[in-house]
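One letter stands for each residue in the lines below.
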Amino acid sequence: MDSLPRIALALILGAAGGFGFFLLGLPLPWMLGALFATMTASVANAPVIAPARIRPAVVAVIGVLLGSRFTPDVLQQASAWGATVAILMVYVVAVALVVVPFYRFVGKFDWVTAYFAGMPGGLTEMIEIGEANGAKPAPIILAHSLRIVVTISVIAFWFRIVQGHDVGASAPMTQAALSWLDAAVMLASAVVGSALGGWLRFPAPAFLGPLLVSAVLHLTGITASVPPTLLVNTAQVILGTVLGCRFLGISARTLIPATLLSIGATVLTLGLAFVGGLAMHAVAGSRIDQALLAMAPGGLTEMGLIALAIHADVAFVALHHVVRILFVIVLAPMAFRVMIGRGGRAGRG
């Protein structure tokens, strides 16, 4: 089957899954419904392919949306975030110290594979650097993909079912009629921001660039508009479809034990995130739920959407995720080189 029909089938399944979750009143329905529908199809070897080429445009839309939450009072709070960023860095190190041995001794990974599978972030970078240093790429791909899926699911269900937040179909905001000028400004935010993100070598250029441009435009009062709800929900369906199609070629026999292992690693990670949230609350007065979203390694875009839905400070959450990703990308290879330099490669087996 040609790629276009397979992409169309994936999007149809994703939209159906999102609509089903929406009818059931489940949290973050358009993204999670699309994710689970296409993940099931992928594991069942259905003829689907991820619409990967349009993913940058999709995350640019979400970047513009999250950038709209940057208001002038955000700048007044930013001075208090130094302490919470320091707590975040301690949390990242703690996760590595706990989760890497978990994958080594419980998952029976070799040390190099366990090391790059257990780092809380930087999927592409961890795969590339890990493989270059002798790690097995398949377990790393599964570990990071499932970490994102499990974390999103747990966080979304926690805020919806346990805490009663409306983690629903769209951002809970009042949306005025969109003028042509505002539409043009937001389109420019997405296009110019994506190019700027690539030029500045951001870790997620198509997302962080539009977020930055949108944030500046909203902070300066040039616009107060947000992308239309239909566009945002469509973007979530496509994002969920892309995530679900990551599981193509993975059999249920491989997926089930990997999922159980990922659930264990995610419980450890979120437990440490909760402790970090308590520390942020004690030191800086941060909301614990907001701090949890800021540290949970479930994907910057996805955690930002949940933050938006529960009226958390999106700027706070986004900043801490950017710091986490950069910290892991820089720290993990450096720490690995230090360990290899000290102990050689004997510990791999």
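Here, the structure is the one placed above.
Residues numbered from 1 in each chain as written. Predicted model: local features only at pLDDT ≥ 70, side-chain atom pairs only at ≥ 80, totals over all residues. Heavy atoms only, no water.

Trainee: Sorry if this is basic, but what is going on with the nonpolar core here?
Mentor: Across soluble globular proteins, nonpolar side chains have a tendency to be buried as a group. Grouped together as the largest cluster of nonpolar side chains are 92 residues, with contacts concentrated most on Tyr-103, Ile-155, Phe-247 and Leu-293. The contact partners of Leu-293, leaving out residues within four places of it in the chain, are Ile-155, Phe-159, Met-303, Ile-306, Ala-307, Ile-310, Val-317 and His-321. Within the second largest apolar cluster, five residues are counted, among which are Ala-41, Val-48, Ala-50 and Cys-245. (Core = buried A, V, L, I, M, F, W, Y, C linked by side-chain atoms within 4.5 Å. Buried < 20%, exposed > 50% of the residue type's maximum accessible area, 1.4 Å probe, protein only. Contact = heavy atoms within 4.5 Å.)

Trainee: Teacher, can you tell me more about the pattern of salt bridges here?
Mentor: As a working rule, side chains carrying opposite charge can pair if their charged atoms are close by. Going through the model one piece at a time under the given rule, you end up with one salt bridge. For Arg-287, the salt bridge is made with Asp-289, and the minimal N-O distance between the two is 2.9 Å. Given a relative accessible area of 13%, Asp-289 falls into the buried group. (Salt bridge = Lys/Arg side-chain N within 4 Å of Asp/Glu carboxyl O.)

Trainee: Could you clarify how one ought to interpret helix H14 (residues 300-309) in this entry?
Mentor: Structurally, the α-helix is built with 3.6 residues per turn, so residues lying three or four positions apart point the same way. Counting buried residues in H14 gives 10 out of 10 residues, a clear majority hidden from the surface. Residues of H14 that are buried include every one of Leu-300, Thr-301, Glu-302, Met-303, Gly-304, Leu-305, Ile-306, Ala-307, Leu-308 and Ala-309, and no others. Of the residues flanking the end of H14, it is His-311, one or two places downstream, whose phi is positive at about 65°. (Helix = DSSP H or I, 4+ residues; strand = E, 2+ residues; numbered from the N terminus.)

Trainee: Is there a simple way to think about helix H12 (residues 252-284) in this case?
Mentor: Across its 33 residues, H12 extends 45 Å between first and last C-alpha, which sits within 8% of the 48 Å expected from 1.5 Å per residue. Residues of H12 that are buried: Leu-255, Ala-258, Leu-261, Ser-262, Ala-265, Thr-266, Thr-269, Leu-270, Ala-273, Gly-276, Gly-277 and Met-280. (Expected span 1.5 Å × (residues − 1).)

Trainee: Whenever I open this one, a nonpolar patch on the surface confuses me. Can you help?
Mentor: A cluster of nonpolar residues, Val-93, Leu-97, Val-98 and Leu-268, forms a patch on the protein surface that exposes about 300 Å² of accessible area. Of the residues forming the nonpolar patch, the biggest block, three residues, is contributed by helix H5 (residues 81-105). Along the chain, the position of Leu-97 falls in helix H5. (Patch = residues over 30% accessible without salt bridge, like charges linked within 9 Å, V, L, I, M, F, W, Y side chains within 5 Å. Areas by Shrake-Rupley, 256 points an atom, 1.4 Å probe, with all protein chains shown as cover.)

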